Amino acid sequence: MRILMLFAAVMQFLNFMPPQQKPAITFAQNMAQLTFPKTAAFSATISSGETITDVELLYGSDKRTCSDVQALVVPEFTPGKSVRVSWKWEMEDSGSIAPGSEVWWQWRATNEKGETVTSEKKTIIWLDKIHPWKVKEDKNIRIHYYQITDQLADEFLKTALDAQEKLKTDTGMETTATVDLYMYKTAKEMRDSMLYEQEWTGGMAFTDSNKIVIGVVDTDIEWTKSTEAHELTHVLVGNYTFTCLWTTPTWLEEGLAVYAEGDPDDSTVEVFENAKKNDELISFHILSASFSSDSKLADLSYSQSFYMVKYLIETYGREKINNLLKTLSKGTTVDEALSTVYGFNLNGFEKEWRKSINVPEAQWAADAEKPTPVPTEIPTMRPVTNSVSTGPAAEPAADATPLPTGTAEASLPIAFGGTRNTPGSSNGPSGQSSDMTPPILAILGSLMVCVAVSAFAHFKNRRMGVVLTITLITIASVILGVTPARASSLPAAPTKYPQLPTATPYTPPPLEKGMYSNASSGISLKIPSNARIDTSRASSNYFFAMNLGAMPF
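Keep in mind that what you see is a predicted model, and the values were worked out from it rather than measured.

(A) Summary view of the packing of aromatic side chains. Summed over all chains, the structure comprises 24 aromatic pairs. Judged by centre distance (5.2 Å) and plane angle (90°), the rings of Trp133 and Tyr184 are edge-to-face. With a gap of 51 residues between them, Trp133 in the loop between strand E7 (122–126) and strand E8 (134–138) and Tyr184 in strand E10 (residues 179–184) connect regions that are remote in the sequence. Pairing Phe284 with Trp353 gives two aromatic rings, centres 5.3 Å apart and planes at 55°, and the pair type is tilted.

Structure follows, in structure tokens:
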């Protein structure tokens, strides 16, 4: 009896529970299909009690970015109460992502009543299904492999752990994030997992995804292990120095990567020693940028970078190299970081390093220490006017460049005279020119006589009158042409023309905190560009959304 009463009470309670509200829009058959490594196709069936008018797809990967960046596309569909939508991510258009990356996606739909619902976020691993992948993991290292022995996989795992421990001991650099290494059976199979990779690629690090891919070389396992340590260092440095405001100098990143491999091999030593002997070492400034594509220069770049990093670690210790990496992660330049940590900039570092290996100072470095001459400003060339002032020069405008004494303007010919005259030159007792009244009267009298004689001749003999008139006009023209018009006889007040622009060298304003400035173009930006626009789309309708997070300045 008590059981029946309890059952009745439970049923009565359930009757009072409000019915669960059905979502305005539902999503079914929400899936992604991979055609590795080219496409990821997303599809879903979306239903609603009202006509669905808008559908959007948001998608991305676990790639690290400077801010919360979401790619958004608008697939084509026919509005209705139940619609089937799909869209394909073409990696050939957007660029391939790292094998093993986690791809996520969400649908967002709106019906004609204005109700908007977003589906749950779903994920899938971007990786081929043709290889029987196995996994070995220890601490924060995860090895993915196939068609190699478990014993060899254990060796690869130990190599990664040893390289990580060496960097932690010597540089204090460590990461808590898990790093995935995908060991392909051959280099070709590794390259087939990506798009547009060069034939010589044997390993690659995706520092923004904590992923590494390596093609195992059966005939040279030691090379494979060295490559593993090298690429792992790139991932660790990328984690440790990640910033959107600057980039880690190449010599530091590659030098650390070679350092993590262990003692340099004979080839590395030989390349470096030959460069020392022949005075062919590369400028540190050049090594801060991308390395040369020339094989000989590239080999030297890697070798020299190793010895540069080795010098910093052995001379100044673990703490300082660690501080250098931390300082670079704040977005400072390499010169600023070196000065803050070691007390010298890149030029000072090169000078000290060359001295430590008994190599003469580079000539360009010696020239760099010489004071830089101040560029000479180009004087403003004022236009020649129809008047020249003989009085004292007026005070120049605030934005005008003063005209130096003795420049070209002082000796320019006057516009309508045959002689040159310098302002202030003396043609008389007080610097004034002689009276020009008599020559002018003589010229006017000659013209009047010409007119009178011409008129009289016209009445007497028309033909002779024409000839005489032409002759007299010619004579008058010659007289006018050889008579100089002296500048001092003109009005003293000059005509004011607007000042022409000067060629004063551009000096950028002081760099404020959180600003990026490019002196060559004269442009300053508040923050660097950090948005990636997804260009892969199935139709012409596509968008992207970006939510800026807190950025350390």
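There is more to say, and it comes next.
(B) Highlighting the pattern of salt bridges. Here the structure, examined in full by the defined rule, presents 17 salt bridges. The residue Glu174 makes a salt bridge to Lys168 at a minimum N-O spacing of 3.5 Å. By relative accessible area, which is 46% here, Glu174 ends up partly exposed. We note a salt bridge from Lys225 to Glu222, for which the minimum N-O separation is 3.9 Å. With Lys225 and Glu222 both in helix H5 (residues 221–240) and 3 residues apart, this pair spans about one turn of that helix. A relative accessible area of 54% places Glu222 in the exposed class.

(C) Layout of helix H11 (residues 334–342). Buried within H11 we find Val334, Ala337, Leu338, Val341 and Tyr342. One face of H11 carries all of its buried residues, which in axial projection span an arc of 95°. As for H11, its buried residues are in contact with helix H6 (250–260), helix H9 (295–316), helix H10 (318–329) and helix H12 (346–356). Following H11 by one or two positions, Gly343 has its phi on the positive side, about 90°.

(D) Broad picture of the pairing of strand E9 (residues 141–145). The element E9 is extensively covered by neighbouring structure, given that 4 of its 5 residues are classed as buried. The sheet contact formed by E8 and E9 spans 5 bridges and is antiparallel. Paired with Lys134 across the strands is Tyr145, a residue of E9. Sheet topology places E9 next to E10; 5 bridges connect them, and they run parallel. Residue pairing for E10: Tyr145 is matched across the bridge by Met183. Chirality of the crossover, the property in question, places the unit of E9, helix H3 (residues 150–171) and E10 among those that are left-handed.

(E) A negative patch on the surface, seen in detail. Residues Glu261, Asp265, Asp266 and Glu270 make up a contiguous surface patch of negative charge. Structurally, Glu261 can be placed in the loop between H6 and helix H7 (266–277).

(F) Quick look at H3. The terminal C-alpha atoms of H3 lie 31 Å apart, and with 22 residues this matches the ideal 32 Å at 1.5 Å per residue to within 8%. Of the residues making up H3, those classed as buried are Leu152, Ala153, Phe156, Leu157, Thr159, Ala160, Leu161, Ala163, Gln164, Leu167, Asp170 and Thr171. The first or second residue beyond H3 is Gly172, which carries a positive phi of 75°.

(G) Looking closely at the sheet that holds E10. Read across the sheet, 5 strands follow the order E8-E9-E10-E12-E11 without closing on themselves; strand pairing throughout is mixed. The open sheet is flanked by E8 and strand E11 (203–206), the only strands paired with a single partner. The average undirected angle you get between the axes of adjacent strands in this sheet is 15°. Each of E9, E10, E11 and strand E12 (211–215) is contacted by H5, which is oriented at about 160° to E12, the strand it contacts most.

(H) Local environment of the nonpolar core. Ranked by internal contacts, the top residues of the largest apolar core, which has 61 residues, are Ile141, Trp251, Leu252, Leu312, Leu324, Phe349 and Trp353. Once residues within four sequence positions are removed from consideration, Leu312 is found in contact with Trp251, Gly317, Ile321, Leu324, Tyr342, Phe344 and Phe349.

(I) Summary view of the confidence of the model for the protein. Averaged over every residue, the pLDDT of the protein is 76; the share at 70 or more is 62%. Considering only residues more than four positions removed or in separate chains, one finds that residues 371–435, a stretch of pLDDT under 50, has 65 contacts. Residue range residues 527–553 is modelled with pLDDT below 50. Its contacts to residues more than four positions away, or to other chains, number 61 contacts.

(J) Seen up close, unusual backbone geometry. A cis amide bond links Phe36 with the next residue in sequence, Pro37, at an omega value of 5°. As for its placement among the helices and strands, Pro37 is situated in the loop between strand E1 (25–35) and strand E2 (39–61). If you check the backbone angles, Asn210 has positive phi at about 60° while not being a glycine. On the accessibility criterion, Asn210 (10% relative accessible area) is buried. Phi angles above zero are rare outside glycine, and Asn358 is one such case at about 60°. When you line up the elements, Asn358 lands in the loop between H12 and helix H13 (363–368).

Definitions and cut-offs
- Residues numbered from 1 in each chain as written.
- Predicted model: local features only at pLDDT ≥ 70, side-chain atom pairs only at ≥ 80, totals over all residues.
- Heavy atoms only, no water.
- Phe/Tyr/Trp six-rings, centres within 6.5 Å; stacked < 30°, edge-to-face > 60°.
- Helix = DSSP H or I, 4+ residues; strand = E, 2+ residues; numbered from the N terminus.
- Salt bridge = Lys/Arg side-chain N within 4 Å of Asp/Glu carboxyl O.
- Buried < 20%, exposed > 50% of the residue type's maximum accessible area, 1.4 Å probe, protein only.
- Arc of directions from axis to C-beta.
- Contact = heavy atoms within 4.5 Å.
- Pairing = 2+ DSSP bridges.
- Right-handed = clockwise from strand over helix to strand, strands pointing away.
- Patch = residues over 30% accessible without salt bridge, like charges linked within 9 Å, V, L, I, M, F, W, Y side chains within 5 Å.
- Areas by Shrake-Rupley, 256 points an atom, 1.4 Å probe, with all protein chains shown as cover.
- Lys, Arg positive; Asp, Glu negative; His and termini not counted.
- Charge placed at Lys NZ, Arg CZ, Asp CG, Glu CD.
- Expected span 1.5 Å × (residues − 1).
- Axes fitted to C-alpha atoms, helices over the stretch in contact; angles between N-to-C directions.
- Core = buried A, V, L, I, M, F, W, Y, C linked by side-chain atoms within 4.5 Å.
- pLDDT = per-residue confidence, 0-100.

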